[in-house]
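# Commentary on secondary and tertiary structure
In case you want the letters, here they are:
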Amino acid sequence: MRSQHDLLLKVENLETSFDLGSRVVKAVNGVSFTVKKGKTLGVVGESGCGKSVTAHTILQLLPRLGKINAGHITYYGKEEAVVLNRLERNGRKMRSIRGKEIGMIFQDPMASLNPVYTIGNQICEALLQHDAMSKKEAADRAVEMLSLLGIPSARARLKDYPHQFSGGMKQRVMIAMAMVCNPKLLIADEPTTALDVTIQAQILELMKDVQKKYDTSVILITHNMGIVSDMADEVAVMYMGKIVEFGTVEQVLSRPQHPYTRALLRSVPVLGIRRNMRLETIRGSTPDPSEMPEGCAFAPRCDFATDRCRSAPPQTDEGQGHLVRCWNLEEVRKG
Ligand SMILES: Nc1ncnc2c1ncn2[C@@H]1O[C@H](COP(=O)(O)OP(=O)(O)O)[C@@H](O)[C@H]1O
Ligand code: SF4
Ligand SMILES: [Mg+2]
C-alpha cells in the first residue's frame, strides 16, 4: 500500500447512472484511482466510456438526470484531508474546494465563457470570490496568467469579450481562468480536442509549463493516446464505465496487458511508440451501456474470451501498481 503523503486525491468506487425512464445507463460503474501530487493522470478510452461523467461526478457537477449511487473521495490538498463520503450533486464540501482548490477546463470554451462579460471580469471573478484580493491585485494576477499562457498584450485584452478571441486563444483564456487561483488539481476534459493539431500541441506545451511552475496535479481526459504519452505520468484506461487498466505511462503504453488497451493501441498512431505497426480497428462496437453484460464488458469483442469471462466480472490483478482487470492474462501475454 502506497503511503498517503504523495497523494492529492483518492477516488474510490464511483458509481453514477442516468435514469432515462425506459432504461438506466450505468455511465460510471465502480471507478477507483489516485492522483499524485504534481503528477498527471491521463484518462483514456473510446467515446461514451464514461470519462466525462467521471470528471463531473468528482466535481459533483452532474446534469439533472445523473445520480451518484456510490463513491468516496478524499482530497489531501489541505492541512486536514477533506473526506467526501456521501456524494451528491453540488455538495457543500465540494463547492468549497471547486474553483479554488480544483480548477477545470472543458472541451468547449463557449460553454464556460459568458459572452456578455469581458475576459478580465470573468478571470477576476474567481479571485475576488475565493481570495481576499483588491480589484487591482486581481487584474495584475489575471494579466500574469494570460501572459504565461502566451496571450499578447494581456492587459489590454482584459477588456475584450470572448467573441474577440480565436478558438485557440479562447482555450488559453479558459486555462488561465482555471489556473488563476493556483489550484492544486486541474481537471481537463478533452481540453484541445476541438482545435487543430498545431494549436493543440502549443496549448498542451503551455499547460505543461504552467503545471510545472505551480506543481499542479492534472487529470487529463482524452481519447488521444499520443497526448497521453506526451503529457501523462500515469494512465487509466476506461471501458464501459470501468477502469480496465491502470499504471505508469511506461507500464500501460509500452507493456499493455489488457486486451482492450492492446486493441486501442493497435488502432491509433502513437508517436514514438510502435511507430511501424499497422493500424487496426477494434472488432465490434461498444455494447449498449444500459445492457451491461454480467461478466467482462469487453467479452463480445475479445479474442481471449472464455465462458468465465462471460459469466463473472474479472477481478483486478495488481503487480507493482499496474492494475489489470482481466481473467486470462497469461493467455493474453502468450498470444
Ligand atoms: N446527460 C446525460 N443523459 C443521459 N446519458 C448520459 C448523459 N451524459 C452522459 N450520458 C451517458 O453516459 C455514458 C458516458 O458518457 P461520457 O462520460 O460523456 O463519455 P465520454 O466522456 O467517455 O465520451 C454514455 O453512455 C452517455 O450516453
Ligand atoms: S476478462 Fe476475458 S473477455 Fe475480458 S478482457 Fe480478459 S480475456 Fe477478454
Ligand atoms: Mg467526454
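Residues numbered from 1 in each chain as written. Chains lettered and ligands numbered in written order. Predicted model: local features only at pLDDT ≥ 70, side-chain atom pairs only at ≥ 80, totals over all residues. Heavy atoms only, no water.

By the naming in an unreviewed UniProt entry, the protein goes by ABC transporter ATP-binding protein and is assigned to Paenibacillus contaminans. Under the Sequence similarities (unreviewed entry) heading, UniProt states for the protein: "Belongs to the ABC transporter superfamily." Recorded in UniProt for the protein, the comment headed Subcellular location (unreviewed entry) runs: "Cell membrane". (UniProt positions renumbered as here; feature names shortened; annotations may be inferred.)

## As for the environment of Leu-186
By secondary structure assignment, the location of Leu-186 is in strand 7 (residues 185–189). With 41 residues separating them along the chain, Leu-186 and Met-145 place their C-alpha atoms 15 Å apart. In this view, Leu-186 contacts Gly-103, Met-104, Ile-105, Ala-178, Met-179, Met-207, Thr-216, Ser-217, Val-218 and Ile-219; residues no more than four positions away in its chain are not counted. (Helix = DSSP H or I, 4+ residues; strand = E, 2+ residues; numbered from the N terminus. Contact = heavy atoms within 4.5 Å.)

## Let's talk about unusual backbone geometry
At Asn-13, a residue that is not glycine, the phi angle is positive and equals roughly 55 degrees. Along the chain, the position of Asn-13 falls in strand 1 (residues 7–19). Even without being glycine, Asn-90 reaches a positive phi, approximately 55 degrees.

## What about the site of ligand 1?
Surrounding ligand 1, one finds 14 residues, the nearest of these being Gly-48, Gly-50, Lys-51, Ser-52 and Val-53. In the environment of ligand 1, an oxygen atom lies 2.7 Å from a nitrogen or oxygen atom belonging to the backbone of Gly-48. Note that an oxygen atom of ligand 1 is positioned 2.8 Å from one of the side-chain N or O atoms of Ser-52. Protein burial of ligand 1: of its 560 Å² of free accessible surface, 68% is covered by the chains. Of all the elements in the fold, those that place two or more residues in the shell around ligand 1 are strand 2 (24–36) and helix 1 (51–59). Considering each element in turn, the shell around ligand 1 owes the most residues, 3 residues, to helix 1. Partitioned by chemical class, the residues of the shell around ligand 1 number 8 nonpolar, 4 polar and 2 charged. (Near = heavy atom within 4 Å. Polar contact = N/O pair within 3.5 Å; in protein donor to acceptor, adjacent residues only side chain to side chain. Areas by Shrake-Rupley, 256 points an atom, 1.4 Å probe, with all protein chains shown as cover. Nonpolar A, V, L, I, M, F, W, Y, C, P; charged D, E, K, R; others polar.)

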